[in-house]
Amino acid sequence: MAIKLIETYVKPFISDTEVAKISHLAKASHELVLSREGAGNAFLGWVDLPVGYDKEEFARVKLAAEKIQKNCDVFVVIGIGGSYLGARAAIEFCTSPLYNNLKKDTPDIYFIGNSISPSALADVLRICEGRDVCVNVISKSGTTTEPAVTFRIFRELLEKKYGEEGAREHIYVTTDRSRGKLKQFSTTKNYETFVVPDDIGGRYSVLTAVGLLPIAVAGIDIDKMMQGAEDAREKFTSSDPAANEAVRYAALRNILYNKGKVIEILVSYEPAAQMFAEWWKQLFGESEGKDQKSLYPASVIFSTDLHSLGQYIQDGQRTMFETVIDFKEPNDRISVPDDPHNIDGLNFLSGKTLHDINQRAMTGTLFAHNDGGVPNIVIEVGKRDAYHFGQLVYFFELACAVSGYMLGVNPFDQPGVEAYKRNMYALLGKPGYEEQRAALEARMN
């Protein structure tokens, strides 16, 4: 099933005239992506990635995944931001948030190096005790603080456990093709390496080796994932918003933004999509959040969060809209049993599947939130599997690029991310930051 955009629950808030007025801008923005003439055009490698990816490296990814599956009980993925969010999103989306607890023939997978918390790192180190461990460090430069420090610790652990030569067989590096400290070190150590492409930014990199190695280790079919992305690329070639759901979605969200809806909430009724929402938040937040512009990306899992944030969404400030991912086919079927005593008064649900009940909860919520003044865009997806993950990733990447150009920002840089790094380096005493450190310390005092 192809991705389908449902506008039933947004039409009460957007007129055909508004869509017509913005369509030319949406079309021009999509053409800017395809022509590669816009800001940040050096980072558009993801556009043709589904058909132009490196087949030799792709084959090596699958071979490495098989080796890791045979040799390791625990696979530790070290990375931050786009270096881990996409892979973790894919694994939970295609399997379960409880992947590590399931009976399976693949290693447990833990994502670390995405914070500086000693407790978070210590927990994973304790999990690794007495078990065979493989590590995949993902960093283009190798000098980003969080993953670099974590890799130091795990490299020491592996070299103590297996010896320097043995550790080589347990370390996999995804980094720049030819430059950077990590690439140089990996060449010296003779680690197996994979490439972070020069023309694809981190948040757009899930369908490169950055995401594909951990995904393949989890036993997920990455051929089907790439096929889903390829089919989406073919489907979303038209620049006409009436014929391209990704361009249409970009147009709708920009109309709502211009009408004062400055918060977009991504909604799913499947807990397995929670990390996908985290990937989505980085994609749109880092791509569009510049020049004091853009929607704030938030997320909820319903019906869970209807019992916490539902009140605010229903009756709070009218500054938001929702984008709902609707999985039409369940991965599992469970029916409600009949209770002869009907102690909970729910026998009217007897025989119904939980998927059917979930769907009714979704429809009821859509109507309720519409009545409360909250527009809803619905994106229908076939099911949670590798193929549809690839489709959904490409859909949102394209929509994000188009939407960014519509806002007048460069969707492919992230200058604001560097501000905290410079301050942190200065406060930690990194050479070359002495003047900035003195200024910060003066502000602290």
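Residues numbered from 1 in each chain as written. Predicted model: local features only at pLDDT ≥ 70, side-chain atom pairs only at ≥ 80, totals over all residues. Heavy atoms only, no water.

**Student:** Sorry if this is basic, but what is going on with the state of the cysteines here?
**Tutor:** Here is the idea: a disulfide is a covalent bond, and it sits between the sulfur atoms of two cysteines. Counted by the stated rule, this structure contains 1 disulfide. Between the sulfur atoms of Cys-72 and its disulfide partner Cys-134 the distance amounts to 1.9 Å. Of this pair, Cys-72 sits in the loop between helix 3 (55–71) and strand 2 (74–78) while Cys-134 sits in strand 4 (residues 133–138), placing them 62 residues apart in sequence. For the pair formed by Cys-72 and Cys-134, the shared burial category is buried. (Disulfide = S-S within 2.5 Å. Helix = DSSP H or I, 4+ residues; strand = E, 2+ residues; numbered from the N terminus. Buried < 20%, exposed > 50% of the residue type's maximum accessible area, 1.4 Å probe, protein only.)

**Student:** Quick question: what am I supposed to make of the pairing of strand 8 (residues 296–301) here?
**Tutor:** For a regular strand, side chains alternate in direction, first toward one face of the sheet and then toward the other. Note that strand 7 (residues 263–268) and strand 8 share 6 bridges and pair parallel. Each residue of the ladder has a partner; that of Val-267, found in strand 8, is Val-300. With helix 11 (residues 274–288) bridging strand 7 and its parallel neighbour strand 8, the resulting β-α-β unit is right-handed. (Pairing = 2+ DSSP bridges. Right-handed = clockwise from strand over helix to strand, strands pointing away.)

**Student:** Please explain the pattern of salt bridges as it appears in this structure.
**Tutor:** A side chain of one charge can pair with a side chain of the opposite charge if their charged atoms are brought near each other. Under the criterion given, the structure shown has 29 salt bridges. Among the salt bridges present, the one from Lys-140 reaches Asp-176, with a minimum N-O distance of 2.7 Å. Here Asp-176 lies in the loop between strand 5 (171–175) and helix 7 (181–189) and Lys-140 lies in the loop between strand 4 and helix 6 (145–168), a separation of 36 residues in the sequence. What makes Lys-140 partly exposed here is its relative accessible area of 32%. Among the salt bridges present, the one from Lys-383 reaches Glu-329, with a minimum N-O distance of 3.9 Å. Of the two residues, Lys-383 sits in the loop between strand 10 (376–381) and helix 14 (386–407) while Glu-329 sits in the loop between strand 9 (320–327) and helix 13 (354–371), which places them 54 residues apart along the sequence. The class of Lys-383 is partly exposed, set by a relative accessible area of 23%. (Salt bridge = Lys/Arg side-chain N within 4 Å of Asp/Glu carboxyl O.)

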